[in-house]
Amino acid sequence: MSSNNSTSDFELNEDLWFDDGDICVCARRFDSGVLCLYKLYRDMLASHSSVLLNLLDNSPAHRQVYVGSTRYAYLTDNALDLERFFIAIYYPTCFLFWKHNTRSFSGSLPVFRIAFKYKANNVIEALASQLEEDWPRSISEWDASQCEYGLYCEPLTDLCPEQPSLNRAAAVESASAIQAAHIANIPNVLSAAYYQLSRISQDTVSQLGRVEECNGKKGGSKRGKMGKRTLLSKEDLHRLALGKEKLSRYMLTFKKRLPKELVLHQNCADAWNTSTSVPVESVDVLADLLEVCSATVFPGVNMCSDCRSKINERGRRERARVWKLLPKLFCMPDRPKY
């Protein structure tokens, strides 16, 4: 990697080039192969990641690039990801403003990965806090988020069938949140993200488990491959499949046992049994239970006020119970925090 080139061979990032900086770093963009140069402040970098500073200070000869007489420590990470990581360190307010206003975690997931790799706990904590804020932690917050995004009571598979890219975007966001939540062990986020994915078509979700190769035009390995990445691991896909099956079985069982448990009047019980006589696989249990809570949805409209009130109240309690059961339904293990 050691070379002696003019600056015209490189690309300088003006936002991360401080004239009075005292440590020089470079990395290559995976998409174009362009080598990007950064001049940073050592003290600020050290305050966030002593691991990275030590790596840069002890960079071996084959991990160095010279521009004139200036030595640059070469990092093997994607330059685009590194730039966001450096911005999170040197411009934390700007980075979090961007993160908050885009409402997208897929863009900051690479920063999370790099922060964890170099043990930059300040960055991890900031991103973890933002992630917890963005994802619902209770059934009431879940309902509010569905209203905000216009998905209330509608499974994503049926939301915009003519625009599958919307389903893809929702799946990518959920999968990105799952990866970050695994790193920081945030159970509430895992529960909500797994459930969100369970509402999306299997074909869309399966694509997130496929290995994608990142190729660079310059400076890659001998085979030209810069790395491989998946958005969902095999374990995640397995948990998701089990969770979807358990949720569907749960709803079918609930519908069958409800009339007996609540002791409904015969006519009301008949109306309920008629509506549930044909088993239908549930793709959104929380939305289905919300219908149970409604007095204006069949079979609620065909029941007496007493039985309808019983079912509505039971539906509300059952939704809260399902939410609390999500970690168990998706087989989520208990792990210590990062």
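See the structure above.
Summarised in this report is the structure supplied together with it. Just so you know, these numbers come straight off a predicted model, no measurement behind them. Every residue gets a number counted from 1 within its own chain, in the order that chain's sequence is written. Only residues with pLDDT of at least 70 are given local features in this predicted model, and only at 80 or more are side-chain atom pairs given and counted; all residues enter the totals for whole chains, interfaces and linings. Here the side-chain values reflect all heavy atoms present in the structure, with hydrogen atoms and water set aside.

Digging into the state of the cysteines
Then comes step 1: Our working definition of a disulfide is a cysteine sulfur pair at a distance within 2.5 Å. All told, the structure shown has zero disulfides when counted by the stated rule.
Then comes step 2: With no disulfide of its own, Cys307 has Cys304 as its nearest cysteine by sulfur position, at a separation of 3.5 Å.

Overview of the nonpolar core
The tendency in soluble globular proteins is for nonpolar side chains to be buried as a group.
Then comes step 1: Throughout this description, the term nonpolar core refers to a set of buried Ala, Val, Leu, Ile, Met, Phe, Trp, Tyr and Cys residues connected via side-chain atoms within 4.5 Å. Accessible area is worked out with a 1.4 Å probe on protein chains only. A residue is then buried under 20% of its type maximum, exposed over 50%, and partly exposed in between. Phe85, Phe86 and Phe112 are the most contacted members of the largest nonpolar core, which totals 85 residues.
Then comes step 2: Secondary structure is summarised from DSSP: a helix means a run of H or I of at least four residues, a strand means a run of E of at least two, and numbering begins at the N terminus for each. For this core, the leading source of residues is helix 9 (residues 164-184), giving ten residues.
Then comes step 3: Two residues qualify as a contact provided that any one of their heavy atoms is within 4.5 Å of a heavy atom in the partner residue. For Phe85, the contacting residues outside a window of four places in its chain are Leu52, Val111, Ile114, Ala115, Ala120 and Val123.

Looking at the packing of helix 12 (residues 234-262) against helix 15 (residues 305-329)
Then comes step 1: With their axes 12 Å apart at the nearest point, helix 12 and helix 15 run at an angle of 150 degrees to one another. Between helix 12 and helix 15, the angle is such that the two are roughly antiparallel. For the pair helix 12 and helix 15, the crossing hand works out as right-handed. Residues Leu242, Gly243, Lys246, Leu247, Tyr250, Phe254, Arg257, Leu258, Glu261 and Leu262 of helix 12 lie in contact with helix 15, whose contacting residues are Lys310, Ile311, Arg314, Glu318, Arg321, Val322, Leu325, Leu326, Lys328 and Leu329.
Then comes step 2: Each residue is assigned to one class: nonpolar for Ala, Val, Leu, Ile, Met, Phe, Trp, Tyr, Cys and Pro, charged for Asp, Glu, Lys and Arg, and polar for all the others, Gly among them. Classifying every residue of the contact of helix 12 with helix 15 gives eleven nonpolar, one polar and eight charged. Throughout, an axis means a line fitted to C-alpha atoms (over the contacting stretch in the case of helices), and angles, computed between N-to-C directions, take values from 0 to 180 degrees. Here roughly perpendicular refers to angles of 65 to 115 degrees, roughly parallel to angles under 35, roughly antiparallel to angles over 145, and oblique to all remaining angles. The hand of a helix crossing depends on one turn: near helix anticlockwise from the far one by less than a right angle means left-handed, and clockwise means right-handed.

Brief notes about the environment of Ala180
Then comes step 1: Tracing the backbone shows Ala180 in helix 9.
Then comes step 2: Taking C-alpha positions, Ala180 is 6.7 Å from Phe112, a pair spaced 68 residues apart along the chain.
Then comes step 3: Beyond its immediate chain neighbours, meaning those up to four positions away, Ala180 contacts Phe105, Leu109, Phe112 and Leu131.

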